[in-house]
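Per-entry structural report
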Amino acid sequence: MEIILASNNPDKLREVREILAPLGITVLSQAQAGCRFEAEENGTSFTENARIKALAAVAATGKICVADDSGLEVDAMDGGPGIYSSRFCGDRTYKEACRDIMETVDRAGARGARFRCAVVCRFPDGREIACEGVIEGRIGRVYEGEHGFGYDPIFVPEGYGRSMACLTDGEKNAISHRGRAFRRFAEELKRVMEGREQIC
Ligand code: IMP
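Below, the structure is looked at part by part. (Residues numbered from 1 in each chain as written. Predicted model: local features only at pLDDT ≥ 70, side-chain atom pairs only at ≥ 80, totals over all residues. Heavy atoms only, no water.)

So, about the nonpolar core. The nonpolar side chains of soluble globular proteins are, as a tendency, buried together. Counting 22 residues, the largest nonpolar core has Ile-3, Leu-20, Val-66, Cys-121, Ile-129, Phe-182 and Phe-185 as the members making the most contacts within it. Residue assignment for this core shows that the elements contributing at least two residues are β1 (2-5), α1 (10-20), β4 (112-122), β5 (128-139) and α6 (177-193). In terms of residue count, the dominant contributor to this core is α6 (six residues). If we skip the residues at most four places from it in the chain, Cys-121 touches Ile-3, Ile-64, Cys-65, Val-66, Arg-127, Glu-128, Ile-129 and Phe-185. (Core = buried A, V, L, I, M, F, W, Y, C linked by side-chain atoms within 4.5 Å. Buried < 20%, exposed > 50% of the residue type's maximum accessible area, 1.4 Å probe, protein only. Helix = DSSP H or I, 4+ residues; strand = E, 2+ residues; numbered from the N terminus. Contact = heavy atoms within 4.5 Å.)

Next up on the list: the side chain of Arg-111. Position of Arg-111 relative to the elements: it lies in the loop between α4 (94-108) and β4. One polar contact links Arg-111 to Asp-106, side chain to side chain, over a distance of 3.1 Å. Those residues in contact with Arg-111 that lie beyond four places of it in its chain are Val-105, Asp-106, Gly-137, Arg-138, Ile-139, Gly-140 and Arg-141. (Polar contact = N/O pair within 3.5 Å; in protein donor to acceptor, adjacent residues only side chain to side chain.)

So, about the environment of Ile-139. In this structure, Ile-139 sits in strand β5. In this structure, the C-alpha to C-alpha distance between Ile-139 and Val-27, residues 112 residues apart in sequence, is 32 Å. Beyond its immediate chain neighbours, meaning those up to four positions away, Ile-139 contacts Leu-72, Val-74, Ile-101, Met-102, Val-105, Arg-111, Ala-113 and Ile-154.

Now the structure itself:
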């Protein structure tokens, strides 16, 4: 089946395609669906922001649309930048934003962090599937790795000795917040499509 991902982020699109392809779900970009828009993410949680994007995409296409909202929560920053992860980087490079976080964490001495991803899928008839995925870890002492995107080079997943940017896409997707959230979503979607729905 085909589903539209309400995102203009090519890194996310690549990851979500890789996660959902083995489950028989083809992901179309907004451009492939013939619409380009940027919904205003003014929600107060990852799930609210994902819902805002999914609803805007359904309004534009009239088709089933899925959106994710994700970010990095750092203990030394009281859970920030969280839903403001993209805005925290702002006009800087991600390398500069990563260095900023590393300095804060070094000063505080608390390295705990996690990536969180909320997925919301909206159907044109108003039904909704909402799921979440989390990966726990810590902020590393070095900026390392060439894969992934955003804050991956400073995030060391629990049980690993290197950053998420040192993992291949396949390795990252197997453990990541986005991988977990979208695989849960795919299970729910399958139930809905088979008419055994219990939509959250
Ligand atoms: P949004 O979900 O498009 O609003 O953006 C989330 C932001 O969080 C991204 O721009 C990245 O800065 C960060 N982020 C989310 N997921 C990841 C990830 O898998 N790796 C690195 N950074 C991420």
